[in-house]
Amino acid sequence: MKLFVSEGNPHCLKVLAALEVTGVQCDVQYVNHEERVVPFLSRPALPALLLPSGLHLFSSNAICRYLFEVNGQDSSELCNQWLEWEATDLQPALLQALHLAVLQGKGSEVSKVLLGPLNYLDQSLSKGNTPYLTGEAVSVADVVLWAALYPVLSDSSLALGERKSVKTWFDRGAVMHSFQSAAQKVLQGKGLQGMKSYMQRQPAPQSSQCRDTQPCNSSPAEGEENERMVSEEEMEAAALTWSKGLNACPAAANRQHPILPQEGKRNLLVTSALPYVNNVPHLGNIIGCVLSADVFCRYGRLRGWNVLFVCGTDEYGTATENKAREEGLTPQQICDKYHAIHSSIYKWFQIDFDFFGRTTTEKQTEIAQDIFWRLHKHAFLVEDTVEQLRCENCQRFLADRFVEGICPHCSYPEARGDQCDKCGRLINAVELREPQCKVCRQTPVIRSSKHLFLDLPKLETQLEQWLDKSTSSGDWTANAKQITRSWLRDGLKPRCITRDLKWGTPVPHPDFKEKVFYVWFDAPIGYLSITANYTDKWEKWWKNPQQVELYNFMAKDNVPFHSVVFPCSLLGAQDNYTLVNHLVATEYLNYEDTKFSKSRGVGVFGDMAKDTNIPSDVWRFYLLYVRPEGQDSAFSWADMATKNNSELLNNLGNFINRAGMFVTKFFESRVPAMELQQEDKKLLALVGWELQQYIQLMDKVKIRDALKHILNISRHGNQYIQVNEPWKKIKGGDTERQRAGTVTGVSVNIACLLSVMLLPYMPTVSQTIRDQLNAPQSCINTMLQGTGTFVCTLSAGHHVGTVSPLFQKLEMDQIEALKRRFGGQQPEDEPPKKKSTAQRAASSQPAAVPAPAAAVAAEVATVNGVDPEKAKQLTQAVAEQGEKVRALKAQKAEKAVVTAEVAILLDLKKQLALAEGKSPEPAPQKGKKK
């Protein structure tokens, strides 16, 4: 393990103290405050702990908890509550106090800021009647709180007042060598001034009244909501907007095809990367391309923009030829079969394309060949002889994707023939070390062939000028900019656009009539040909950069072809083509802790999702909740169940159902009259602010972040109902009944707003809510106008329909069954030595069920009950799984997730005992240390 810390950082004081107290062996490296040691974070995060597995912990409290776990000291529930209180209550106050004392020289004001937290700590210690926070011995809670408070409690000039219990507790830590050593290392004996460099890099804290509360389990999001102050002006403005209602708001017009650019409107042409036809898309493919684009298009239509959304299957290339050979079909039959599969999957996921086409069309040939001749005419094509890999066993030249070998740049062992997935560098297949044909696993030979290249160096200046303009004025994701710049930094090289294949768009040049276009020259032209198959006026979209904004959605591996290769083709054609204005690229979505693999049965693929009996809207919600916007993320069954049960069922669904049920039960299905009080106006202002944030984020295609604001609104609503208790007030006098009516009326209107905001994410649920509320159609295009308009759409007297629950609970036994079903398994005839410890753990019996004797016998091939090789492998597996469990506990992962991983650990330990010839029965539990 390696711990990265910086001097003067108070959070580093915590982890160094924990390291000293526990005595865990760990390398410590001091770095500067700006050092980015966690590679997937866009900002510096210190301290950070690099685990042997390659994972990082970068929350100081999580690191401290992990170190104590490694030392055999699990955190108690009380301990966890103190850590939660430190993070949510104490830290905001400390940050403000340190800012005042260190940067503003206002030490006299610190006592006021820390009054609440210190009083609470003092009272708790005096009531506890134990020397430490959780008992008779030092716990991780003591270390964290002591280190957090050390800078202020050790400075006598701050005059924080006399709190006997706090002083006694703090002095016990101050005399311990481990605490003294950690403080010296971080603050260098300079006290508060030792933190100046660190504090200067921190944002100024917002002044807020620190809460004097007990430790709680509220989420950070909820904490932030409680702290937001609303001014009188905001309240009155929100009430005024609310009172305008739906007057003079026309209903949204239905789409009329073909959709063409319109004068005076914002015209958006939206594409998602063309899925390759011979594969069934998995969840990562769906969120990376079509689902993200669909959400943005639905949102754009709500905003009143003129949107055309096109996509289709990419059907040419060697992969199709090989799939056809495998299935005994022609390439065209394969394309027809899988195009229908793709269409069916996207229809089930409710992807609302304006047109879903394909690349095996006459229009594709016509447009691709026209661009080719234009590039030829303007001298942007060059000839060269290419050395290619040919598989003599398969009797064919190998397309790049059908060669694998060792990357010449980073030595990644599974680099493809065109690009390395690890380092992202482009490579020529002949550069691979130890290449193999992916079809037959034979070593290919090098053969020469004449080809045509797109002269990228000749187009580089034009490309850079266009990129400067597009990336500065458009919404390009950070990874899209970074990947594109890395290509340019390395210098562009001519790119081959022809291949020795049969299945593809024919090259029209007489000297190359036996060749076809390389798929990465040909495939992006599919956007144009698919639009041309939608409307013969396709050029109004694709040769109209003055009127049209082009959005491309894709995963990050497709970026170079959309930001460099394809734009160069269009620039070189010199035919006024519309080039991408906004390039939106996601990172990768993994499956649990591994990659999706159809062959190994790992992961959920599009054609399987509907067989789970989980509605497509719930799939959409969860995929968008974990959308890999800034870093890779992972699909997790346990997390999906948690998000469904907590966010959809208990938060969103609970609020909308209660609001509607109050109307039907207490007010005869008629929205009651509403007389707004200050509390109601404050809620309208809070909801209006969340709506504005949602719009700002969605405008910038921050789809995952915008979703959180929908959930924040329903949280506000639930709290509003809970505080006002309309089910009680309805039984009171006229004033209380009126109050119940106002609360119910406001709540049901918030539910109507939520139905509109949800429409891009969960279209069926959105429609169901509006049907239950009998919401007027005009509410859809009213709420999202301008910066956001939360108006009263369901006025007094409005009749609501039948209200029923929107979501169902996902039970853990159901989820565990699905996890096993999609977890994959190793082929029975595979030698055990080829299985990794992680794979063996993943393919073991269900963790909570003891493995049958026969299965144990098959898993552990013993000689006289002992298998040293097996024991060695299992020892490693137990160590890896133990580390995983400790990391999950340190991060306070969901209980179900931890329980499942602990069960796997216990099962591995049992297997290890068998392999060592020992009894698999667990040892008696040790008693607590006195």
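Cut-off values and rules
Residues numbered from 1 in each chain as written. Predicted model: local features only at pLDDT ≥ 70, side-chain atom pairs only at ≥ 80, totals over all residues. Heavy atoms only, no water. Helix = DSSP H or I, 4+ residues; strand = E, 2+ residues; numbered from the N terminus. Buried < 20%, exposed > 50% of the residue type's maximum accessible area, 1.4 Å probe, protein only. Areas by Shrake-Rupley, 256 points an atom, 1.4 Å probe, with all protein chains shown as cover. Pairing = 2+ DSSP bridges. Disulfide = S-S within 2.5 Å. Salt bridge = Lys/Arg side-chain N within 4 Å of Asp/Glu carboxyl O. Phe/Tyr/Trp six-rings, centres within 6.5 Å; stacked < 30°, edge-to-face > 60°. Axes fitted to C-alpha atoms, helices over the stretch in contact; angles between N-to-C directions. Parallel < 35°, antiparallel > 145°, perpendicular 65-115°, else oblique. Left-handed = near helix turned anticlockwise from the far one by under 90°. Contact = heavy atoms within 4.5 Å. Nonpolar A, V, L, I, M, F, W, Y, C, P; charged D, E, K, R; others polar. 1 Å grid on protein atoms, 1.4 Å probe; cavity = no way out; pocket = protein on both sides within 12 Å on 5 of 7 lines; lining within 4 Å. Points joined across faces, edges and corners; volume = space filled by probe spheres on them. Right-handed = clockwise from strand over helix to strand, strands pointing away. Bend = angle between axes of the 7 residues up to and from the residue. pLDDT = per-residue confidence, 0-100. Core = buried A, V, L, I, M, F, W, Y, C linked by side-chain atoms within 4.5 Å.

Peer 1: Is there a simple way to explain the overall build of the protein chain in this structure?
Peer 2: Along its length, the protein chain carries 33 helices and 20 strands. Split into buried and exposed, the 930 residues of the protein chain put 55% on the buried side. By element, 49% of the accessible surface of the protein chain is carried by carbon and sulfur atoms, the whole surface being about 41300 Å².

Peer 1: I tried to follow the sheet that holds strand E1 (residues 2-5) on my own but got confused; where do I start?
Peer 2: What holds strands together in a sheet is hydrogen bonding between their backbones, with the strands either parallel or antiparallel. What the 4 strands build is an open sheet, ordered E2-E1-E3-E4; its pairing is mixed. Edge positions in the sheet fall to strand E2 (27-30) and strand E4 (56-57), since each of these pairs with one other strand and no more. Alignment of strand E3 (residues 48-50) against E4, held across 2 bridges, turns out to be antiparallel. Paired with Leu 50 across the bridge in E4 is His 56.

Peer 1: For this particular structure, what's the right way to read the state of the cysteines?
Peer 2: Each disulfide consists of a covalent bond between the sulfur atoms of two cysteine residues. Throughout the structure, instances matching the rule amount to 0 disulfides. Take Cys 311: it sits in no disulfide, and the sulfur closest to it among the cysteines is that of Cys 289, at 7.6 Å. Taking the relative accessible area as the measure of exposure, Cys 311 reaches 1% and is therefore buried.

Peer 1: Honestly, the pattern of salt bridges in this entry has me stumped. Any pointers?
Peer 2: As a working rule, side chains carrying opposite charge can pair if their charged atoms are close by. Per the counting criterion, the structure on display carries 40 salt bridges. Residues Lys 337 and Glu 327 are paired through a salt bridge, measuring 2.7 Å at the closest nitrogen-oxygen approach. With Lys 337 in helix H13 (residues 331-348) and Glu 327 in helix H12 (residues 318-327), this residue pair connects regions lying 10 residues apart in the sequence. By relative accessible area, Lys 337 is classed as partly exposed at 37%. Residue Glu 327 is classed as partly exposed on the basis of its relative accessible area of 29%. A salt bridge links Glu 647 to Arg 715; its shortest N-O distance comes to 3.2 Å. Residue Glu 647 is located in helix H23 (residues 637-666), and its partner Arg 715 is located in helix H25 (residues 703-724); the two are separated by 68 residues in the primary sequence. Neither Glu 647 nor Arg 715 differs from the other in exposure class; each is buried.

Peer 1: When you look at the packing of aromatic side chains in this model, what are you seeing that I'm missing?
Peer 2: For any two aromatic rings, the description comes down to two numbers: the centre-to-centre distance and the angle of the planes. Tallying each qualifying case throughout the model produces 36 aromatic pairs. Considering the side-chain rings of Trp 146 and Tyr 150, the 5.0 Å spacing of their centres and the 40° angle between planes classify their relative orientation as tilted. Of the two residues, Trp 146 and Tyr 150 are both situated in helix H5 (residues 140-153); the distance of 4 residues between them amounts to about one turn of the helix. Classification of Trp 146 as buried rests on a relative accessible area of 1%. Each ring, one from Trp 619 and one from Trp 637, has its centre 5.7 Å from the other, and the planes form 80°; the classification is edge-to-face.

Peer 1: What is the right way to read the packing of H23 against H25 from this model?
Peer 2: For any two helices packed against each other, the geometry comes down to the angle between their axes and how far apart the axes lie. Remark: H23 packs on H25, axes separated minimally by 9 Å, with the N-to-C direction vectors making an angle of 50°. Judged by the angle between their axes, H23 and H25 are oblique. Here the hand of the crossing between H23 and H25 comes out left-handed. For the pair H23 and H25, contact is made by Glu 647, Asn 650, Asn 651, Leu 652, Asn 654, Phe 655, Arg 658 and Phe 662 and by Ile 710, Leu 711, Ser 714, Arg 715, Gly 717, Asn 718, Ile 721 and Gln 722, respectively. Class assignment of the residues belonging to the contact of H23 with H25 gives a composition of 6 nonpolar, 7 polar and 3 charged.

Peer 1: What should I look at first to understand the side chain of Arg 495 in this one?
Peer 2: Assignment of secondary structure puts Arg 495 in strand E14 (residues 495-496). Judged by its relative accessible area of 13%, Arg 495 is buried. Apart from the residues within four sequence positions on either side, Arg 495 is in contact with Leu 426, Leu 452, Phe 453, Leu 454, Leu 456, Tyr 518 and Phe 561.

Peer 1: I tried to follow the sheet that holds strand E9 (residues 396-397) on my own but got confused; where do I start?
Peer 2: Read across the sheet, 4 strands follow the order E9-E8-E13-E14 without closing on themselves; strand pairing throughout is antiparallel. Bordering the open sheet on either side are E9 and E14, each of which pairs with just one other strand. Bridging between strand E8 (residues 381-391) and E9 involves 2 bridges; their strand directions are antiparallel. Paired with Cys 391 across the two strands is Arg 396, which belongs to E9.

Peer 1: What's the story with the environment of Asp 907 in this structure? I'm lost.
Peer 2: Along the chain, Asp 907 falls in helix H33 (residues 895-915). Assessed through its relative accessible area of 6%, Asp 907 is described here as buried. Between the C-alpha atom of Asp 907 and that of Val 878, which follows or precedes it by 29 residues, the distance is 9.3 Å.

Peer 1: I keep staring at empty space enclosed by the protein and nothing clicks. Help me out?
Peer 2: Gaps left between atoms are located by rolling a probe of water-molecule size over the structure's atoms. Scanning all chains against the criterion turns up 6 cavities of 30 Å³ or more. Considering only enclosed or pocket space, the largest cavity measures out at about 160 Å³ in volume. Contributing to the lining of the largest cavity are 18 residues, with Gly 317, Ala 399, Arg 401, Tyr 518 and Val 519 lying nearest its centre. Elements supplying a minimum of two residues to the lining of the largest cavity: H12, strand E16 (516-517) and helix H17 (519-522). Per-class residue counts for the lining of the largest cavity are 11 nonpolar, 3 polar and 4 charged.

Peer 1: Looking at this structure, how should I read the pairing of strand E17 (residues 548-555)?
Peer 2: Residues in a regular strand point their side chains to alternate faces of the sheet. Of all 8 residues in E17, 7 are buried, a share of seventy percent or more. Two elements, strand E5 (residues 267-272) and E17, share 6 bridges in a ladder whose sense is parallel. Following the sheet pairing, Asn 267 is matched in E17 by Val 548. Chirality of the crossover, the property in question, places the unit of E17, helix H20 (residues 559-573) and strand E18 (residues 582-586) among those that are right-handed.

Peer 1: What should I look at first to understand the packing of H25 against helix H27 (residues 734-758) in this one?
Peer 2: As a packed pair, H25 and H27 sit with axes 10 Å apart at the nearest point and diverge in direction by 170°. Relative to H27, the element H25 lies roughly antiparallel. Residues Ile 710, Ile 713, Ser 714, Tyr 720, Ile 721 and Asn 724 of H25 touch H27, and the partners they reach there are Arg 739, Thr 742, Val 743, Val 746, Ser 747, Ile 750, Leu 753, Leu 754, Met 757 and Leu 758. Residue composition of the contact of H25 with H27, by class: 11 nonpolar, 4 polar and 1 charged.

Peer 1: Just to check I follow, could you spell out helix H11 (residues 283-302) for this structure?
Peer 2: Think of an α-helix as turning once every 3.6 residues; residues three or four places apart then point the same way. Taken as a whole, H11 carries its principal kink of about 40° at Leu 291. Within H11, 18 of the 20 residues are buried, which leaves the element mostly enclosed by the surrounding structure. One or two positions beyond H11, positive phi appears at Gly 304, with a value near 90°.

Peer 1: When you look at helix H22 (residues 616-625) in this model, what are you seeing that I'm missing?
Peer 2: Burial within H22 is extensive, with 10 of its 10 residues counted as buried. For H22, the set of buried residues is Ser 616, Asp 617, Val 618, Trp 619, Arg 620, Phe 621, Tyr 622, Leu 623, Leu 624 and Tyr 625.

Peer 1: Is there a simple way to explain the side chain of Asp 294 in this structure?
Peer 2: One can find Asp 294 in helix H11. Residues contacting Asp 294, with those up to four places away along its chain left out, are Phe 309, Gln 350, Ile 351, Asp 352 and Arg 620.

Peer 1: Can you help me understand the confidence of the model for the protein chain in this one?
Peer 2: For residues with low pLDDT, the predicted coordinates do not support detailed interpretation. The pLDDT averaged across the protein chain works out to 85; a share of 88% of its residues lies at or above 70. Within the model, the stretch residues 207-227 combines pLDDT values under 50 with 33 contacts to residues more than four positions away or in other chains. Within the model, pLDDT remains below 50 along residues 921-930, and this stretch shows 0 contacts once partners closer than five positions in the same chain are excluded.

Peer 1: It is not clear to me how the nonpolar core should be interpreted in this structure. Could you clarify?
Peer 2: A general feature of soluble globular proteins is that nonpolar side chains tend to end up buried together. Counting residues in hydrophobic clusters, the biggest one holds 184 residues, and the most contacted among them are Ile 371, Trp 619, Trp 637, Tyr 694 and Tyr 761. Residues within four places of Trp 637 in sequence aside, it is in contact with Tyr 591, Glu 592, Val 604, Thr 612, Ile 614, Trp 619, Ile 815, Leu 818, Lys 819 and Phe 822. Of all hydrophobic cores here, the second largest spans 66 residues; its members include Leu 3, Leu 100, Val 143 and Met 199.

Peer 1: Explain unusual backbone geometry to me, please; I cannot follow it from the model alone.
Peer 2: Note on backbone geometry: most residues besides glycine have negative phi, and most peptide bonds are trans. The omega angle of the peptide bond from Leu 46 to Pro 47 is 0°, so this bond is cis rather than trans. The omega angle of the peptide bond from His 257 to Pro 258 is 0°, so this bond is cis rather than trans. The residue Pro 258 is located in the loop between helix H10 (232-243) and E5 in this model. Despite not being glycine, Glu 434 has its phi angle at roughly 50°, a positive value. Tracing the chain through its elements places Glu 434 in strand E12 (residues 433-437). Despite not being glycine, Val 701 has its phi angle at roughly 60°, a positive value.

Peer 1: Would you mind showing me how to read the pairing of E2 here?
Peer 2: As paired strands, E1 and E2 are joined by 4 bridges and run parallel to one another. Across the sheet, the residue bridging to Leu 3 is Val 28, located in E2. In this fold, E1 hands off to helix H1 (residues 10-22), which returns the chain to E2; that crossover is right-handed.

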